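Next come the chains, spelled out residue by residue.
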Amino acid sequence: MLTAEHNFNLMVIFIREQLQQFAIKQGDKPSCNLVIPLTPFDLLGLLKGQSLDSDALYPRIYWEDIEHLQTIACFGAIDECTYIPEPIGEACYFGGLAFQQQGVQWADFPEILFIRPALEFTLEQQKLRLTCHFNGANSIEKSLLLINCLQKPVSPDAVNNIVVSREDLPNRQQWAELVESAIEYKALIPKVVLSRQTELICEQKVNQWDLINQWQEANPNSFHFAFQFSTNHTFIGCSPERLFSRENNRLKTEALAGTVNRGREPREDAILRQSLLSDKKIDRENYLVQEFIVSSLKRLKAEVTCSEPHVMQLLNVQHLRVEINAKLNAQTKDAHLLHNLHPTPAVGGCPKLPALQFINDKEHYNRGWYAGTVGYLRVDKSDFSVAIRSALVSSNKIKLFAGAGIVVGSIADQEWQELENKIHTILDILSV
Ligand SMILES: C=C(O[C@@H]1C=C(C(=O)O)C=C[C@H]1O)C(=O)O
Ligand SMILES: [Mg+2]
């Protein structure tokens with residue numbers, strides 16, 4: 001175990017020695033991962049410290065679950081799948097699914113992408129470990145190469161950038177038309193979630209690691225993630241919503257839908273909070289999600305229970321939330337869960353297919369990984385967040401995404417305001 005005084009270079013030497021000893025014991029075809037305990041340091045700082053042109057260190061992934069049980073930074077890949085893999089042994093895959101498997105044209109972000117990382121730094125209960133993942137010959141050499149490229153962490157700074165322009169797609173007028181046409185379809189599609197892309201151009205290049213750092217400080221009770229598959233684009237997010245987590249055959253999921261803003265003072269906040277629990281339109285937004293999740297799980301022969309609705313408070317908004325627990329059928333795999341649950345009517349609509357068709361036909365831009373799902377898969381455990389409250393960062397551009405569920409009784413102006421509230425935290429960080 002390293003002591004706190006050891007600097008980064010000593011840590012690299014230490015890791016190299018461990019890898020070399022492991023190679024002597026295992027030969028060049030190791031049969032298990034190598035796990036090395038390290039003195040804790042900041043993982044966002046480690047991601048920030050890496051040079052953009054260290055190709056071997058791509059993909060770069062950051063992940064923190066909503067309960068803060070684990071914070072993870074991954075570098076490099078020893079396997080890449082454009083399908084949902086079924087992990088065996090100690091394998092772990094990080095990745096995600098786009099919102100819709102139709103017409104995804106996001107550079108670097110295909111319909112499905114999962115990678116098995118080469119290096120995985122995991123901070124858990126204040127202890128840091130490095131897991132070197134191996135598959136076959138020369139694996140240890142590959143890990144050594146990556147370790148030799150690693151540069152020391154650089155502490156995240158406050159975001160200090162000026163936004164010079166903003167463009168909404170759809171704009172306010174187009175949004176009103178979109179909401180109106182969704183309401184015209186209400187008999188066929190009782191709920192559809194419509195969304196907007198807001199493109200900000202900043203004066204300087206945006207540091208995505210500083211941005212996610214500040215975003216997670218402002219909204220700690222969320223998942224925090226970043227996926228960077230090449231120099232050009234990083235998809236980041238600070239999402240309050242879980243698609244599901246599974247531990248062996250125990251599944252946790254939720255219906256999170258229905259939004260009001262936070263009050264300026266405690267009394268107003270409490271009134272708004274109460275309105276979430278009593279408003280009919282909000283109840284409908286949420287209930288349609290719950291119904292979809294429960295029936296999807298029952299179709300997979302799971303035993304399902306739901307909690308009473310309660311309120312989840314974030315910095316600028318509060319949501320109605322119902323917890324759903326299930327005991328899975330022994331045959332159910334993560335791929336079944338992903339294909340059956342994603343996208344739920346929290347981001348798509350219901351009935352699922354007509355709602356997705358409506359979004360595909362009418363929305364003004366391509367959602368890509370926004371409202372998709374991101375997370376990881378292992379044999380015994382998997383965890384996926386719904387990729388909302390997310391942004392695509394490239395150079396000096398940030399595309400911010402926000403959506404709102406449209407049901408009978410939705411009013412375009414109020415839903416526009418809901419979109420504004422949902423991106424408020426990040427606009428605040430950028431002082432727009
Ligand atoms: C689609 C988003 O959020 C979803 C829509 C909500 C709503 O309309 O009330 C609330 C939470 C999420 O289910 C988003 O934030 O982009
Ligand atoms: Mg809503």
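Residues numbered from 1 in each chain as written. Chains lettered and ligands numbered in written order. Predicted model: local features only at pLDDT ≥ 70, side-chain atom pairs only at ≥ 80, totals over all residues. Heavy atoms only, no water.

- As annotated in an unreviewed UniProt entry, the protein carries the name Isochorismate synthase MenF and comes from Psychromonas ingrahamii.
- Looking at the protein in UniProt, the text filed under Function (unreviewed entry) is "Catalyzes the conversion of chorismate to isochorismate."
- The Cofactor (unreviewed entry) comment attached to the protein in UniProt states, word for word, "Mg(2+)". (UniProt positions renumbered as here; feature names shortened; annotations may be inferred.)

1. Concerning the UniProt feature "binding site: Mg(2+)" (unreviewed entry) in the protein
For step 1, the next point in the chain: With numbering aligned to this structure, UniProt lists the feature "binding site: Mg(2+)" (unreviewed entry) at Glu285 and Glu418. Separation in sequence by 134 residues is not matched in space for these annotated residues, since their most distant C-alpha atoms are only 13.7 Å apart. Restricting the annotated residues to those that line the largest cavity leaves Glu285 and Glu418.
For step 2, the next point in the chain: When you line up the elements, Glu285 lands in helix H7 (residues 280–299).
For step 3, the next point in the chain: If sequence neighbours within four positions are ignored, Glu285 has contacts with Lys191, Ala257, Gly258, Gly405 and Val407.
For step 4, the next point in the chain: You can see Glu418 is positioned in helix H10 (residues 412–429). (1 Å grid on protein atoms, 1.4 Å probe; cavity = no way out; pocket = protein on both sides within 12 Å on 5 of 7 lines; lining within 4 Å. Helix = DSSP H or I, 4+ residues; strand = E, 2+ residues; numbered from the N terminus. Contact = heavy atoms within 4.5 Å.)

2. Topic: the pairing of strand E8 (residues 191–202)
For step 1, the next point in the chain: The element E8 is extensively covered by neighbouring structure, given that 11 of its 12 residues are classed as buried.
For step 2, the next point in the chain: Where strand E7 (residues 163–169) meets E8, six bridges bridge the pair, whose relative direction is antiparallel. Pairing of Asp168 across the sheet is with Thr198, part of E8.
For step 3, the next point in the chain: Bridge count between E8 and strand E16 (residues 349–350): two bridges; the pairing is antiparallel. Opposite Val192, over in E16, you have Gly349 as the bridge partner. (Buried < 20%, exposed > 50% of the residue type's maximum accessible area, 1.4 Å probe, protein only. Pairing = 2+ DSSP bridges.)

3. Structural notes on empty space enclosed by the protein
For step 1, the next point in the chain: With the rule as written, the count across this model stands at four cavities of 30 Å³ or more.
For step 2, the next point in the chain: Within this model, the largest cavity holds a volume of roughly 190 Å³.
For step 3, the next point in the chain: Looking at the largest cavity, it is lined by 21 residues, and the ones nearest its centre are Ala346, Ile388, Arg389, Gly403 and Lys422.
For step 4, the next point in the chain: Broken down by element, the lining of the largest cavity gets its largest block of residues, five residues, from strand E20 (residues 397–406).
For step 5, the next point in the chain: Taken together, the residues of the lining of the largest cavity break down into 10 nonpolar, five polar and six charged.
For step 6, the next point in the chain: Of the pockets and cavities examined, the second largest cavity occupies roughly 90 Å³.
For step 7, the next point in the chain: Forming the walls of the second largest cavity are 14 residues, and the residues nearest its centre are Asn219, Val317, Arg389, Lys422 and Thr425.
For step 8, the next point in the chain: For the lining of the second largest cavity, the element with the most residues is H10, which contributes four residues. (Points joined across faces, edges and corners; volume = space filled by probe spheres on them. Nonpolar A, V, L, I, M, F, W, Y, C, P; charged D, E, K, R; others polar.)

4. Regarding the coordination of the magnesium ion (ligand 2)
For step 1, the next point in the chain: Looking at the magnesium ion (ligand 2), the protein donor atoms are Glu285 (OE) and Glu418 (OE), and they sit 2.3 to 2.4 Å from it. Of this pair, Glu285 sits in helix H7 while Glu418 is found in helix H10, placing the two residues 133 residues apart along the sequence.
For step 2, the next point in the chain: Under the relative-accessibility criterion, Glu418 is labelled buried at 7%. (Donors = N, O, S within 2.8 Å, 3.2 Å for Na, K, Ca; no water.)

5. Digging into the site of ligand 1
For step 1, the next point in the chain: Taken together, 18 residues sit near ligand 1, with Leu256, Thr259, Tyr370, Arg389 and Gly403 positioned nearest.
For step 2, the next point in the chain: Measuring from an oxygen atom of ligand 1, one finds a side-chain N or O atom of Thr259 at 2.5 Å.
For step 3, the next point in the chain: Taking Tyr370, its side chain carries an N or O atom lying 2.6 Å from an oxygen atom of ligand 1.
For step 4, the next point in the chain: For ligand 1, the protein covers 100% of the area, taking 390 Å² as the surface of the free molecule.
For step 5, the next point in the chain: More than half of the atoms of ligand 1 fall within 2 Å of the grid points belonging to the largest cavity.
For step 6, the next point in the chain: Elements that contribute at least two residues to the shell around ligand 1 include exactly strand E12 (250–261), E20 and H10.
For step 7, the next point in the chain: A class-by-class count of the residues in the shell around ligand 1 yields eight nonpolar, five polar and five charged. (Near = heavy atom within 4 Å. Polar contact = N/O pair within 3.5 Å; in protein donor to acceptor, adjacent residues only side chain to side chain. Areas by Shrake-Rupley, 256 points an atom, 1.4 Å probe, with all protein chains shown as cover. Sits in = over half its atoms within 2 Å of the grid points.)

6. A look at the pairing of E12
Both faces of the sheet carry side chains from a regular strand, because those side chains alternate between them.
For step 1, the next point in the chain: The element E12 is largely enclosed, with a buried count of nine among its 12 residues.
For step 2, the next point in the chain: By the bridge criterion, three bridges tie strand E11 (residues 242–247) to E12 in an arrangement that is antiparallel. Counted as the bridge partner of Arg246 is Leu251 from E12.
For step 3, the next point in the chain: Hairpin remark: E11 followed by E12, antiparallel, with two residues in the connecting loop; positive phi at Asn248, about 50 degrees.
For step 4, the next point in the chain: Across 10 bridges, the pairing between E12 and strand E15 (residues 317–327) is antiparallel. Bridging across to E15, Thr259 finds its partner in His319.

7. Description of the nonpolar core
Here is a general trend for soluble globular proteins: nonpolar side chains tend to be buried in one another's company.
For step 1, the next point in the chain: Among the nonpolar cores identified, the biggest contains 133 residues, and Phe121, Leu211, Leu297, Trp369 and Ile398 are the most heavily contacted of them.
For step 2, the next point in the chain: Inspection of this core shows a minimum of three residues originating in each of domain 1 (8–149) and domain 2 (163–429). (Core = buried A, V, L, I, M, F, W, Y, C linked by side-chain atoms within 4.5 Å. Domains from an automatic or database assignment.)

8. Notes on helix H3 (residues 139–149)
For step 1, the next point in the chain: All buried positions along H3 are accounted for by Ser139, Ile140, Ser143, Leu144, Leu146 and Ile147. An end-on view of H3 places all buried positions within 165 degrees of arc, on one side of the element. (Arc of directions from axis to C-beta.)

9. Describing the state of the cysteines
For step 1, the next point in the chain: Under the criterion given, the structure shown has zero disulfides.
For step 2, the next point in the chain: The closest cysteine sulfur to the non-disulfide-bonded Cys74 is located on Cys92, 7.0 Å from its own sulfur.
For step 3, the next point in the chain: Cysteine Cys202 shares no disulfide, and the gap to the nearest cysteine sulfur, in Cys238, comes to 18 Å.
For step 4, the next point in the chain: On the basis of relative accessibility, which here comes to 1%, the residue Cys202 falls in the buried class. (Disulfide = S-S within 2.5 Å.)

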